[in-house]
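Summary of structural features
Each chain, written out:
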Amino acid sequence: MPSCKTSHLLKFNQKAQEESVAVDVLSRSKSIPFIIPPTLHGRDWINLTNEEQIQEDNNSCMTPQSGPRSSFHSLAGAYIVGTVNPELYKFPEDKSETNFPEGNIGRLWFSVEYKQASERLLISLIKARKLQPPADSCSPFVKIYLLPDERCYLQSKVKRKTLNPQFDEDFVFQVSSKTLLQRTLKFLVYHVDKQKHHHLLGQVIFPLKNETLTDDSKVVVWRDLERENLESPSEYGDIQFSLSYNDYLGRLTVVVLRARGLKFQDESRDVSVYVKVSLMNHNKLVRSKKTAAVLGSPNPEYNESFSFKANQTELDTASLSLSVLQNTEQKSHVLGRVVVGPFMYSRGKELEHWNEMISKPKELVKQWHALCCST
């Protein structure tokens with residue numbers, strides 16, 4: 001029969017070996033183990049109660065150990081029944097607050113929801129980040145418009161001395177479901193100085209026609225602020241659009257963004273405005289596409305993209321014509337027109353825009369252009 005001292009030594013060696021195995025398993029894996037403690041081996045877990053004391057083997061030959069114990073002492077004799085990989089439970093990294101492009105003047109977060117039964121458009125103004133005020137201090141607030149109505153707006157509270165305001169405010173516009181998709185949200189971000197003068201820091205334009213708004217869906221988005229064009233509109237108005245050419249695919253892309261300062265020939269409430277984009281080659285029409293009509297605004301927002309097939313060899317003889325048309329019940333009137341293309345067809349800003357598009361393949365190049373009277 002082995003003595004008590006020998007039995008104690010054998011058990012100590014066995015536990016040390018098991019601890020070594022457990023430590024080795026953990027050191028080779030980043031996973032977190034699920035372990036059954038030694039005291040629960042062979043026990044009926046269901047019958048355990050809170051009052052029942054779970055004790056280790058009471059061997060009369062073993063004496064309590066003094067001094068520090070190994071952090072893995074409790075793993076001796078334990079069974080590892082599974083592991084959890086922490087990488088699988090990480091939230092995807094939100095890069096919207098860290099990735100700011102060069103020249104960025106700020107970013108705005110908000111949500112949009114539409115209640116069909118009550119015909120209410122719910123706007124939650126969440127926050128803004130990295131605002132660029134004219135001075136070191138910044139006390140921002142936001143005005144919210146529902147275009148084409150530019151007379152009425154809703155306004156947030158002023159947030160004092162911060163470039164990264166947290167608004168968390170809710171606003172409501174009453175708007176019919178029939179006209180909802182023809183409306184556009186406009187956010188103007190201002191800074192209030194010590195003399196209580198308002199300085200516009202930037203704007204966000206958000207057309208609702210591109211969104212799916214239902215009772216069960218809240219659209220949460222962020223947008224970078226844009227500088228408002230402070231130049232006076234041209235005689236016939238102006239149009240802003242982007243051009244891009246993909247030389248690999250032979251694809252010419254036009255994004256019609258917005259127009260401003262349009263001069264209507266008929267002030268009827270039923271007036272609507274659309275843009276017709278035509279690809280020409282040797283002044284002959286190749287193909288035309290048009291935007292959806294926007295009701296009753298001299299400053300319509302479109303944000304519509306069109307693509308045309310155009311080989312690189314055709315760019316010297318091709319051109320794009322963008323015409324803004326007013327649509328009434330009787331007929332359509334051309335309010336203005338602009339042509340961009342090579343030297344054969346364009347000069348000034350229109351020629352510069354075309355050449356910049358070619359020099360920056362696959363990149364969207366955005367510019368404003370003055371509309372000319374159509375001949």
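Our subject is the structure listed above.
We now turn to the structure provided with this report. (Residues numbered from 1 in each chain as written. Predicted model: local features only at pLDDT ≥ 70, side-chain atom pairs only at ≥ 80, totals over all residues. Heavy atoms only, no water.)

1. Focus on the overall build of the protein chain
Scanning the protein chain from N- to C-terminus turns up two helices and 19 strands. For the protein chain, restricting intrachain contacts to residue pairs at least 6 apart in sequence, the fraction spanning at least 24 positions comes to 65%. About 23000 Å² of surface is accessible on the protein chain, with carbon and sulfur atoms providing 51% of the total. (Helix = DSSP H or I, 4+ residues; strand = E, 2+ residues; numbered from the N terminus. Contact = heavy atoms within 4.5 Å. Areas by Shrake-Rupley, 256 points an atom, 1.4 Å probe, with all protein chains shown as cover.)

2. A few points about the environment of Leu 125
By the secondary structure assignment, Leu 125 is in strand E4 (residues 120–129). According to the relative accessible area criterion, Leu 125 is buried, its value standing at 0%. Separated by 42 residues in the primary sequence, Leu 125 and Phe 167 place their C-alpha atoms 6.1 Å from one another. Those residues within four positions of Leu 125 in sequence are excluded, and the remaining contacts are Leu 108, Trp 109, Phe 110, Val 142, Ser 156, Phe 167, Asp 168, Glu 169, Phe 171 and Phe 187. (Buried < 20%, exposed > 50% of the residue type's maximum accessible area, 1.4 Å probe, protein only.)

3. Description of the sheet that holds strand E12 (residues 251–260)
If you walk across this open sheet you meet the four strands as E16-E12-E11-E19, and the pairing is antiparallel. The open sheet terminates on both sides in strands that have one partner only, identified here as strand E16 (301–309) and strand E19 (365–370). For this sheet the average axis-to-axis angle between neighbouring strands, irrespective of direction, equals 25°. Where strand E11 (residues 238–246) and E19 come together, six bridges link them in antiparallel fashion. (Pairing = 2+ DSSP bridges. Axes fitted to C-alpha atoms, helices over the stretch in contact; angles between N-to-C directions.)

4. A few points about the environment of Phe 343
With respect to the helices, strands and loops of the structure, Phe 343 is situated in the loop between strand E18 (332–340) and helix H2 (348–359). Measuring from C-alpha to C-alpha, the distance between Phe 343 and Ser 319 comes to 10.0 Å, with 24 residues separating the pair along the chain.

5. Digging into the pattern of salt bridges
By the definition in use, this model includes eight salt bridges. In this structure, Lys 366 and Glu 226 form a salt bridge, with 3.3 Å as the shortest nitrogen-oxygen distance. With Lys 366 in strand E19 and Glu 226 in the loop between strand E10 (219–224) and E11, this pair connects stretches of sequence that are 140 residues apart. A salt bridge links Glu 301 to Arg 258; the nearest nitrogen and oxygen atoms lie 2.9 Å apart. Taken as a pair, Glu 301 in strand E16 and Arg 258 in strand E12 lie far apart in primary sequence, 43 residues in all. It is possible to trace a salt-bridge network through shared partners that takes in Glu 226, Arg 258, Glu 301 and Lys 366. (Salt bridge = Lys/Arg side-chain N within 4 Å of Asp/Glu carboxyl O.)

6. Here's the deal with the sheet that holds strand E8 (residues 184–192)
Read from one edge of the open sheet, four strands run E6-E5-E8-E9, paired in antiparallel fashion. This sheet does not close on itself; its edge strands, each paired only once, are strand E6 (149–155) and strand E9 (198–207). Here the average twist between neighbouring strands, direction ignored, is 25°.

7. Some remarks on the packing of aromatic side chains
Within this structure, the stated rule accounts for four aromatic pairs. Their ring planes at 15° and their centres at 5.4 Å tell us that Phe 141 and Tyr 190 sit as a pair that is stacked. Remark: Tyr 190 occurs in strand E8 and Phe 141 occurs in strand E5 (residues 140–147); sequence separation between them is 49 residues. The exposure class of Tyr 190 is buried, given its relative accessible area of 13%. Measuring from centroid to centroid gives 5.3 Å for Tyr 145 and Tyr 153, while their planes differ by 45°, and the two rings are tilted. For Tyr 153, a relative accessible area of 36% gives the class partly exposed. The rings of Phe 110, Phe 187 and Phe 206 are connected pair by pair, giving a single aromatic cluster. Positioned over the ring face of Phe 343 is Arg 347, at 3.7 Å from the centre of the ring. (Phe/Tyr/Trp six-rings, centres within 6.5 Å; stacked < 30°, edge-to-face > 60°. Lys NZ or Arg CZ within 6 Å of the ring centre and 35° of its normal.)

8. Things to note about the pairing of E4
Sheet faces and side chains relate simply in a regular strand, where the side chains alternate between the two faces. Among the 10 residues of E4, eight are classified as buried, and the element is accordingly described as predominantly covered. Pairing between strand E3 (residues 107–115) and E4: nine bridges, direction antiparallel. By the bridge assignment, Glu 113 is partnered in E4 with Leu 122. Between E3 and the antiparallel strand that follows it, E4, lie four residues; Glu 119 among them carries a positive phi value of about 50°. Where E4 lies against strand E7 (residues 166–174), seven bridges are found, and the strand directions are antiparallel. By the bridge assignment for E7, Ile 123 is matched with Phe 171.

9. Focus: the nonpolar core
Within the largest apolar cluster, 31 residues are counted, with the highest numbers of intra-cluster contacts made by Ile 239, Val 254, Val 256, Val 277, Leu 320 and Leu 322. Listed by contribution, the elements that provide at least two residues to this core are E11, E12, strand E13 (272–281), E16, strand E17 (318–327), E18 and H2. Leave out the neighbours within four places in its chain, and Leu 322 touches Ile 239, Phe 241, Val 254, Val 256, Val 275, Lys 276, Val 277, Gly 336, Arg 337 and Val 338. (Core = buried A, V, L, I, M, F, W, Y, C linked by side-chain atoms within 4.5 Å.)

10. Notes on the side chain of Gln 240
Positionally, Gln 240 belongs in strand E11. Look at Gln 240 and you get buried, because its relative accessible area is 7%. Among the polar contacts made by the side chain of Gln 240, one reaches the side chain of Arg 258 at a distance of 2.4 Å. Excluding residues within four positions of it along the chain, Gln 240 makes contact with Val 255, Val 256, Leu 257, Arg 258, Lys 366, Gln 367 and Trp 368. (Polar contact = N/O pair within 3.5 Å; in protein donor to acceptor, adjacent residues only side chain to side chain.)

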